[in-house]
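One letter stands for each residue in the lines below.
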Amino acid sequence: MATAFEHPYVPRELRLPGYVPCFLSQKDILVPYLGTSVVGVALIWFFSGRLSKISMTDRLLMCWWAFTGLTHIIVEGYFAFSPEFYKEKTPHFLAEVWKEYSKGDSRYAARDAGVVTVEGITAVLEGPASLLAMYAIASRKPYSYILQFATCLGQLYGCLVYFITALLEGDNFSTSPYYYWAYYIGANSSWVVIPTLIAIRSWKKINAAFQVEKKTKAL
């Protein structure tokens, strides 16, 4: 078992008493994670195709909301409610995911209060909201666009807090430039780009609906 400073993270003086090194390699973590994600998205794509009169855009959105919702609840939820994941003495897959990801942002291993708060809120609120958004699209609920817009704003707010707090604290939490760009930037970029695009689309749809209602009342 490693002592307080025997870990791969930055800063080196970070104290992680009881730290247990990763059992799985990067490949052994990423391949199952990506494979499971692809299978899940493929299933949603297949079943959404059986819905009548649904556009390709809505099918893609259902895939995204299913993926992000399950990621928030399962992966991020595990982190938020497992404060000693880095001490896991068996190859628990989710613990291995966060030990590996901490090479890109050691605040996870350090249980930074801001990160834990953001991830906890994301898992408890945005995860279920994402799955509800998928359902709303499939069942053509009238609140679909408002829900998608609100959930996207929550995701973007979480990303802003995540990145800004890192900058304010020195932005020195990655083991190397590779982990910085691959994990810290790359793994999080989807939750900046995609929610932004969905929020813009939802805003336009909501605005268009109000314009139609306004014209209808004017007649």
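Residues numbered from 1 in each chain as written. Predicted model: local features only at pLDDT ≥ 70, side-chain atom pairs only at ≥ 80, totals over all residues. Heavy atoms only, no water.

Novice: In this structure, what is going on with the overall build of the chain? I would like to understand it.
Specialist: When its secondary structure is counted, the chain shows six helices and zero strands. Secondary structure elements of the chain occur, N-terminal to C-terminal, as α-α-α-α-α-α. Across its three principal directions, the C-alpha atoms of the chain cover 75 × 40 × 30 Å. Per-residue burial for the chain yields a buried fraction of 42% across its 219 residues. A separation of at least 24 residues holds for 69% of the contacts in the chain among residues at least 6 apart in sequence. Side-chain charges of the chain comprise 20 positive and 16 negative groups, with the mean position of each set lying 14 Å from the other. (Helix = DSSP H or I, 4+ residues; strand = E, 2+ residues; numbered from the N terminus. Buried < 20%, exposed > 50% of the residue type's maximum accessible area, 1.4 Å probe, protein only. Contact = heavy atoms within 4.5 Å. Lys, Arg positive; Asp, Glu negative; His and termini not counted. Charge placed at Lys NZ, Arg CZ, Asp CG, Glu CD.)

Novice: What's the story with the packing of aromatic side chains in this structure? I'm lost.
Specialist: One pair of aromatic rings is described through two measures. These are the centre distance and the angle between the planes. One pass over the structure, following the stated rule, counts 22 aromatic pairs. Plain terms: the ring middles of Phe85 and Tyr86 are 6.1 Å apart, the flat faces sit at 85° to each other, and that makes the pair edge-to-face. Tyr86 matches Phe85 in its accessibility class, with the two residues each being buried. Ring plane angle 10° and centroid distance 4.9 Å describe the contact between Trp98 and Tyr108, whose orientation is recorded as stacked. (Phe/Tyr/Trp six-rings, centres within 6.5 Å; stacked < 30°, edge-to-face > 60°.)

Novice: In this structure, what is going on with the nonpolar core? I would like to understand it.
Specialist: In globular proteins that are soluble, nonpolar side chains generally tend to be buried together. Ranked by size, the top nonpolar core spans 24 residues in total, and within it Leu16, Phe85, Trp98 and Tyr108 carry the most contacts. Elements with a contribution of two residues or more to this core: α2 (56-80), α3 (93-101), α5 (144-168) and α6 (177-218). Among the elements that take part in this core, α3 stands out by supplying five residues, more than any other. Contacts of Trp98, omitting those with residues within four sequence positions, involve Val75, Glu76, Tyr78, Phe79, Phe85, Tyr108 and Glu119. (Core = buried A, V, L, I, M, F, W, Y, C linked by side-chain atoms within 4.5 Å.)

Novice: Sorry, what's going on with unusual backbone geometry here?
Specialist: Backbone phi values are negative for most residues with the exception of glycine, while trans is the configuration of most peptide bonds. A cis amide bond links Val10 with the next residue in sequence, Pro11, at an omega value of 0°. Among the secondary structure elements, Pro11 is positioned in the segment before α1 (26-48). In this structure, Lys53 takes a positive phi of about 55° despite not being glycine. For Lys53, the location among the structural elements is in the loop between α1 and α2. The class for Lys53 is exposed, based on a relative accessible area of 82%. Within the chain, Arg111 stands out as a residue other than glycine whose phi angle is a positive 60°. Looking at the element boundaries, Arg111 is found in the loop between α3 and α4 (113-139).

Novice: I would appreciate a short explanation of the packing of α5 against α6 in the present structure.
Specialist: When two helices pack together, their arrangement is given by the angle between their axes and by how far apart the axes lie. Remark: α5 packs on α6, axes separated minimally by 8 Å, with the N-to-C direction vectors making an angle of 145°. Once α5 is placed against α6, the crossing between them reads as left-handed. For the contact of α5 with α6, the per-class residue count stands at 18 nonpolar, five polar and two charged. (Axes fitted to C-alpha atoms, helices over the stretch in contact; angles between N-to-C directions. Left-handed = near helix turned anticlockwise from the far one by under 90°. Nonpolar A, V, L, I, M, F, W, Y, C, P; charged D, E, K, R; others polar.)

Novice: Whenever I open this one, α4 confuses me. Can you help?
Specialist: One turn of the α-helix equals 3.6 residues, which is why residues spaced by three or four share an orientation. Here α4 spans 38 Å end to end across 27 residues, near enough to the 39 Å set by a 1.5 Å rise per residue. For α4, the capping residue at the N-terminal end is Asp112, with a side-chain oxygen 3.0 Å from the backbone nitrogen of Gly114. At the exit of α4 stands Arg140, carrying a positive phi of roughly 55°. (Expected span 1.5 Å × (residues − 1). Polar contact = N/O pair within 3.5 Å; in protein donor to acceptor, adjacent residues only side chain to side chain.)

Novice: Would you take a moment to explain the side chain of Asp105 for this structure?
Specialist: With respect to the helices, strands and loops of the structure, Asp105 is situated in the loop between α3 and α4. You can call Asp105 buried: its relative accessible area is 1%. Here Arg107 takes part through its side chain, which lies 2.9 Å from a polar atom of the side chain of Asp105. Contacts of Asp105, omitting those with residues within four sequence positions, involve Tyr162, Phe173, Ser174 and Tyr184.

Novice: I'm lost on the pattern of salt bridges in this one. Help?
Specialist: In a structure, side chains of opposite charge can pair up when their charged atoms sit close to one another. With the rule as written, the count across this model stands at five salt bridges. A salt bridge links Glu84 to Lys87; the shortest N-O distance between them is 3.3 Å. For Glu84, a relative accessible area of 49% puts it in the partly exposed group. A salt bridge links Asp105 to Arg107; its shortest N-O distance comes to 2.9 Å. Accessibility expressed as a relative area gives 2% for Arg107, which makes it buried. (Salt bridge = Lys/Arg side-chain N within 4 Å of Asp/Glu carboxyl O.)

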